[in-house]
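Descriptive structure summary
Letter by letter, the chains look like this.
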Amino acid sequence: CAVREAMSPSGGRRPLSLLLLLLLLLLGTGLAAGSAHCPSGCSCGYLEVNCTGRQLQEFPAAIPLDTRQLILAANNVSYLPAVELSFLADLVYLDCQKNLLGDDLDFTFIGVAKLVYLDLSFNNLTQVTFGTFSQLLSLVVLKISDNPNLVAIEKDAFANNTWLRHLDVSRTGLTFLDTSTVRDLPNLRFLGLSDNPWHCNCSFLVFITWMADSNVHFPDADNITCYTPEAFRAWKLPAAEVQLRSSCLTQLHKQDYIFLCFVGFCIFFAGTVVAWLAGVCAVIYQVHTSKGEEDEEEEDAV
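- The protein goes by LRC52 protein in an unreviewed UniProt entry, where it is assigned to Asarcornis scutulata.
- Here the protein is described in UniProt, under the heading Subunit (unreviewed entry), as follows: "Interacts with KCNMA1."

Okay, structure coming up:
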């Protein structure tokens, strides 16, 4: 009514500032109504819910369905319910760092396909499988660092995350990461690997070689060191690479010598058999030729 009165011909044209004031009042009313649905103990803004450090034990209820940014950092949440998350179809930013999330995350994010940023650092993750993040087709930033119990990332764990640009797996329990897991990410530009107990063997040499040839940035690269075997303990990657190239590409082990001897024997045996067969064939041919000549001479004599 106030807006119609401000614009009515009878009342004359009200100043533009009055209209702006009315619009601001209406907007404030709408925001106040929206904040009424804010989860208990959390603070809410425009399309944002922030529950940082609220000592939450469970995923908060009554989150507005249009939320795009959800921050659950520094709580005691041990489980993310897939159903409740799926209601937040427009969610693009999820921060769950410093919680108690474990390894039961497969298909947890099936309903938040628009998610771009996901922080699961400082939790209790133990493994990452293909089903963990396979539904996050738009994921750009993934932080799973500071999970000391994370010991395994499956080879195809990020096969569907082709937009992934920032990946951090620093300070975990990883001893090995298959080269194809990160090499096949076309948009990857940042990869955190520091302070992990890497096992520097001949298989890891392939990964080190990829690191040297790729366009990916490795922050805190000086803290990427070998942990095992004992002979490589605390070696930085450049020094380890030189030693691994020397030992893996030139050194032959006992089984290698056995294999080479077996191959040599097979070649020698095959050559001997071929030579014997060739000799037998030559003798037969010679005998047959000589017999033919004798028969011709006898015929001529008759």
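Moving on, there is more to tell.
1. Re the overall build of the protein
- Helices and strands together make up the secondary structure of the protein, namely eight helices and twelve strands.
- By residue count, 35% of the 302 residues in the protein fall in the buried class.
- In the protein, 51% of the contacts between residues at least 6 apart in sequence involve partners at least 24 apart.

2. Some thoughts on helix H6 (residues 202-213)
- With twelve residues, H6 should cover 16 Å at 1.5 Å per step; its first-to-last C-alpha distance of 17 Å lies within 8% of that length.
- Phe204, Leu205, Phe207, Ile208, Trp210 and Met211 are the residues of H6 that are buried.
- Among the structural elements, helix H5 (179-183), strand S10 (190-192), strand S11 (198-199) and helix H7 (237-249) are those in contact with the buried residues of H6.

3. A closer look at the pattern of salt bridges
- The full count for this structure, using the stated rule, is five salt bridges.
- With a closest N to O distance of 3.0 Å, Lys114 and Asp90 form a salt bridge. Placement of Lys114 in the loop between strand S4 (93-95) and strand S5 (117-119) and of Asp90 in the loop between helix H3 (82-86) and S4 is noted, with a sequence separation of 24 residues between them.
- We classify Lys114 as partly exposed; its relative accessible area is 45%.
- Among the residues examined, Asp90 registers a relative accessible area of 29% and is labelled partly exposed.
- We note a salt bridge from Arg245 to Glu241, for which the minimum N-O separation is 3.2 Å. With Arg245 and Glu241 both in helix H7 and four residues apart, this pair spans about one turn of that helix.
- Taking the relative accessible area as the measure of exposure, Arg245 reaches 32% and is therefore partly exposed.

4. Details of the sheet that holds strand S2 (residues 48-50)
- Pairing in this open sheet of eight strands is mixed, and the strands run S1-S2-S3-S4-S5-S7-S9-S10 from one edge to the other. Unpaired on one side and paired on the other, strand S1 (43-45) and S10 mark the two borders of the sheet. Across this sheet, the average inter-strand angle for adjacent strands is 5°, counted without regard to direction.
- Across three bridges, the pairing between strand S7 (residues 141-143) and strand S9 (residues 166-168) is parallel. Considered in S9, the bridge of Val141 is made with His166.

5. A few points about the environment of Ser194
- Positionally, Ser194 belongs in the loop between S10 and S11.
- Between the C-alpha atoms of Ser194 and Thr225, which are 31 residues apart in sequence, the distance is 7.5 Å.
- With sequence-adjacent residues up to four places away left out, Ser194 is seen in contact with Ser170, Arg171, Asp220, Asn223 and Ile224.

6. What to know about the state of the cysteines
- Throughout the structure, instances matching the rule amount to four disulfides.
- Residue pairing for Cys38: its cysteine sulfur links by disulfide to Cys44, the two sulfurs lying 1.9 Å apart. Taking the sign of the S-S torsion, about 85° here, the bridge from Cys38 to Cys44 comes out right-handed.
- Here Cys42 engages in a disulfide with Cys51; their sulfurs sit 2.0 Å apart. Because the torsion about its S-S bond is 110°, the bridge between Cys42 and Cys51 counts as right-handed.
- By relative accessible area, Cys51 is classed as buried at 0%.
- Taken N- to C-terminal, the disulfide-bonded cysteines of the protein are connected 1-3, 2-4, 5-7, 6-8.

Calculation notes
Counting from 1, residues in each chain are numbered in the order their sequence is written. Where local features are concerned, this predicted model is filtered to residues with pLDDT of at least 70; where side-chain atom pairs are given and counted, the filter is 80 or more; whole-chain, interface and lining totals use all residues. The side-chain quantities take in all heavy atoms of the structure and omit both hydrogens and water. UniProt positions are given in the numbering used here, feature names are shortened, and annotations may be inferred rather than shown by experiment. Secondary structure elements follow DSSP: runs of H or I of four or more residues count as helices, runs of E of two or more count as strands, with numbering from the N terminus. Relative accessible area decides the class of each residue, using a 1.4 Å probe on protein chains only: under 20% of the type maximum gives buried, over 50% gives exposed, and in between gives partly exposed. Contacts are assigned to residue pairs that have any heavy atoms within 4.5 Å of one another. Any helix carries an expected span of 1.5 Å times its number of residues minus one. Any Lys or Arg side-chain nitrogen located within 4 Å of an Asp or Glu carboxyl oxygen qualifies as a salt bridge. Two strands are said to pair when DSSP picks up at least two bridges between them. Helix axes are fitted only over the stretch in contact, all axes being lines through C-alpha atoms; the angle between N-to-C directions runs from 0 to 180 degrees. Whenever a pair of cysteine sulfur atoms sits within 2.5 Å, that pair is classed as a disulfide.

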